[in-house]
Each structure stands twice: as C-alpha cells, then as structure tokens.
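Each chain, letter by letter, is given below.
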Amino acid sequence: MEVLFHFIFQLIKIGILASIYSSILIGILLIIGKFKSNTFLKRVKTKKRKYWFLFGFLISIGLFIFSFTYWGNHGLGDSARIPIGNFKEVGETNGINAYIEPDNYRYGAMNVHSFIKSNNYLVGKTEVSPVERPKPFFSWDLSKDQITFYDSEKEYNAFADKNRLPKKSEFKTFRESYREYWSGIRFMLLP
C-alpha cells in the first residue's frame, strides 16, 4: 500500500514539475521569438496551449524515466536509497534497516548503523546482528568494491588518518544522510 501511495504522489509531483518546466520553456521560446523569429517560434507564439501540453507531456515522460534511474531513484514506499557513486548505494527498508551490498561480503547485504562517503570510500559503523557478527567499523572502497573491517575505533582512526577520511564523530545515520542528499534543490526540481 505504501508503494502505491508513494507512486501516486510521485506521478502528481511529475505532473506539477512538467507543468512548471513547460511554462518556463514556453516563456523562454517567447522571449527568444522577440529577438529572433522563425516559423517554429511563430507557431509556439500563436498556439501556446498546444505546445504547453506537448512540452509538458514530453517533459513528464523524461522525468518519469529519470525517476527510475540510478541518479533519480530514491525508493518507493517503505524502501529508500541513496546513490553513493560507482553505481553503489546505501539502502533502507521499513525505516529501520540500513544496508550496503559489497561484493566481497559473504552474507550479501550488511546492516550499517551510521556512515559517511568521502574520497570514493564509504566508511562507517556496522550494525551488529546475531547472524553475521562483523567487526564494528568498516571502509568500503567503492572503486574496487572491497570492504575492510576494523576491530576498534583506534584501528579505524589510524586508517582514516592515513587516507584522509572522516572520523567516527562525523558519521550520520541513514535518515540524516537521506535528508541531506534528497532535500533542497533535488527535492524541488526532481521527482
């Protein structure tokens, strides 16, 4: 049910954005038409409504397609995701389980407590579960898709100092990272 409501909301938002972008495009074409005239610009001036619908339809299709790409997909319903580069992502399910899926992690997905992306690394604190029991800190080299675990904060800090990476105090939860990434201009201008 949550996915359906979120999808309907996304379609409404795409319609609103397409209407706004179409109006801006018509305005720009009308301004250009005042300085440089050709047959297309004259048609746009005389049939503004027709072109507003046409541009809006094309823009809405583009926004809809974009919303399912790596860069535009932020999840639907009870799932959420943050792209972190190299076509990797941090995902979350049900608002509580944040996870990553490195190739060399034998259990598939690994739960994370807090993290931050820096210098093509995702570094963070693991969420210890009874099944997998990873060490408390990790670094995920996104370009090599390799994850490394650290026994203690001291061991992680030594690695962080050597590679100019953030300390534990700079880690953020999934919710904080999600709001930071998807809010502001991305929220206003993208579906």
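Analysis parameters
All residue numbers here refer to positions counted from 1 along the written sequence of the relevant chain. At least 70 in pLDDT is required for a residue's local features to be given in this predicted model, at least 80 for side-chain atom pairs to be given and counted, and no such filter applies to totals for whole chains, interfaces and linings, which use all residues. With hydrogens and water excluded, all non-hydrogen atoms of the structure serve as input to the side-chain values. When a residue's accessible area, from a 1.4 Å probe over protein chains only, is under 20% of the maximum for its type it is buried; when over 50% it is exposed; and in between it is partly exposed. Put simply, DSSP marks the helices as runs of H or I at least four residues long and the strands as runs of E at least two long, and each gets a number from the N terminus on. By construction, the arc corresponds to the directions joining the helix axis to the C-beta atoms. Contact definition: two residues touch when any of their heavy atoms are within 4.5 Å. Surface patches are defined over residues having more than 30% relative accessible area and no salt bridge, joining like charges when they lie within 9 Å and nonpolar side chains (Val, Leu, Ile, Met, Phe, Trp, Tyr) when within 5 Å. Only the protein chains shown count as covering a residue, and every accessible area follows the Shrake-Rupley method with a 1.4 Å probe. Any carboxyl oxygen of Asp or Glu that lies within 4 Å of a side-chain nitrogen of Lys or Arg is treated as forming a salt bridge with it. Axes here mean lines fitted to C-alpha atoms, for a helix over just the part in contact, with angles spanning 0 to 180 degrees between N-to-C directions. In these notes the angle categories are as follows: under 35 degrees is roughly parallel, over 145 is roughly antiparallel, 65 to 115 is roughly perpendicular, and the rest is oblique. In a left-handed crossing the near helix is turned counterclockwise from the far helix by less than a right angle, and in a right-handed crossing that turn is clockwise. Each residue is assigned to one class: nonpolar for Ala, Val, Leu, Ile, Met, Phe, Trp, Tyr, Cys and Pro, charged for Asp, Glu, Lys and Arg, and polar for all the others, Gly among them.

**Q** Please clarify how helix 4 (residues 153-163) should be interpreted in this entry.
**A** Residues spaced three or four apart along an α-helix face the same direction, because each turn holds 3.6 residues. Regarding helix 4, the residues found buried are Tyr 156, Asn 157, Phe 159 and Ala 160. Down the axis of helix 4, the buried side of the element spans an arc of 160°, and every buried residue falls inside it. For helix 4, the exposed residues set more than 90 degrees away from the buried face come down to Lys 154 and Lys 162. Check the buried side of helix 4 and you find it contacts strand 5 (121-126), strand 6 (137-141) and strand 7 (146-150).

**Q** Help me out: how do you make sense of a nonpolar patch on the surface in this one?
**A** Together, Met 1, Leu 4, Phe 5, Ile 8, Ile 12, Ile 16, Ile 20, Ile 24, Ile 28 and Ile 32 give the surface a local cluster of nonpolar side chains, amounting to about 990 Å² of exposed area. Mapped onto the elements, Met 1 comes out in the segment before helix 1 (2-35).

**Q** Even after reading the chapter, I still don't get the packing of helix 1 against helix 3 (residues 48-66), so can you show me in this structure?
**A** If you want to describe how two helices pack, look at the angle between their axes and the distance between the axes. Contact pair helix 1 / helix 3: the axes reach a minimum separation of 7 Å and the direction vectors enclose 135°. Taken together, the axis directions place helix 1 and helix 3 in an arrangement best described as oblique. Crossing geometry of helix 1 relative to helix 3 is assigned as right-handed. Class assignment of the residues belonging to the contact of helix 1 with helix 3 gives a composition of 16 nonpolar, five polar and one charged.

Distances and angles like these do not, on their own, reveal function.
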